[in-house]
Amino acid sequence: MPAGITVRRADLAEADLVGALTERVYRDGGFGSGAYADVLRDGRSRLRDGIVLVAAADGTITGTVTLALPGTPFAHMCRADEAEVRMLAVDQAARGHGVANLLMAACETLARDQGLAAMILCTETRMHAAQRLYERRGYLRDPARDWQIRNVHLIAYRLPL
């Protein structure tokens, strides 16, 4: 683990910080406009209905991700034996220090501990840095599960556990 970075479950008191960080990262990257910005900002719902992890350095939250288990409200595309990664966000100032990699590894461990067979996620076609991360971690494209919402094209990746 990179020095000084810890990954843990978010506390309810951090819900607004998680939401603000996620919405800001997506907005600054040119993603998450309109109604989706409200979803990104809503850390409370994610904490209630999913597993929200945070990465912190020196007590400051620098990244977050939501893991959706099958049958839960944030599980949009996972099957009964898969966990779904949602809303991975790392603060611009913390990029390049392995934060996203640590968050993904923690999600994969949690899914394995739940006895699930695979991880699934989708990402926008323009999210090239995210795609490189997933591919480095062994995720494979799953084009049969690509989808579109309004004018946003989402491509699927899957990792057998």
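Residues numbered from 1 in each chain as written. Predicted model: local features only at pLDDT ≥ 70, side-chain atom pairs only at ≥ 80, totals over all residues. Heavy atoms only, no water.

**Digging into the nonpolar core**
Leu-67, Leu-88, Met-104, Met-119, Tyr-134 and Tyr-139 are the most contacted members of the largest nonpolar core, which has 46 residues in total. Secondary structure elements with two or more residues in this core: helix 1 (15–28), strand 2 (51–57), strand 3 (60–68), strand 4 (82–90), helix 4 (99–113), strand 5 (118–124), helix 5 (128–136) and strand 8 (152–160). Take this core: its biggest share by element is seven residues, from helix 4. Every residue in contact with Met-104, bar those within four places of it in the chain, is listed here: Val-85, Leu-88, Leu-121, Leu-133, Tyr-134, Arg-137 and Tyr-139. (Core = buried A, V, L, I, M, F, W, Y, C linked by side-chain atoms within 4.5 Å. Buried < 20%, exposed > 50% of the residue type's maximum accessible area, 1.4 Å probe, protein only. Helix = DSSP H or I, 4+ residues; strand = E, 2+ residues; numbered from the N terminus. Contact = heavy atoms within 4.5 Å.)

**Points about the packing of aromatic side chains**
Under the criterion given, the structure shown has three aromatic pairs. Residues Tyr-26 and Tyr-36 carry aromatic rings whose centres are separated by 6.4 Å and whose planes lie at 75 degrees to one another, so their mutual orientation is edge-to-face. With Tyr-26 in helix 1 and Tyr-36 in helix 2 (residues 35–41), this residue pair connects regions lying 10 residues apart in the sequence. With a relative accessible area of 27%, Tyr-36 lands in the partly exposed category. When the centroid spacing of 5.9 Å and the interplanar angle of 55 degrees are considered together, the rings of Tyr-134 and Tyr-139 count as tilted. A relative accessible area of 2% means that Tyr-139 is categorised as buried. Taken together through their ring pairs, the aromatic side chains of Tyr-134, Tyr-139 and Tyr-157 make up a single cluster. (Phe/Tyr/Trp six-rings, centres within 6.5 Å; stacked < 30°, edge-to-face > 60°.)

**Points about the environment of Leu-133**
Tracing the backbone shows Leu-133 in helix 5. Owing to a relative accessible area of 7%, Leu-133 belongs among the buried residues under this scheme. When the C-alpha atoms of Leu-133 and Gly-98 are compared, they prove to be 9.9 Å apart, with 35 residues separating the residues in sequence. The residues contacting Leu-133, other than those within four sequence positions of it, are Leu-88, Ala-100, Asn-101 and Met-104.

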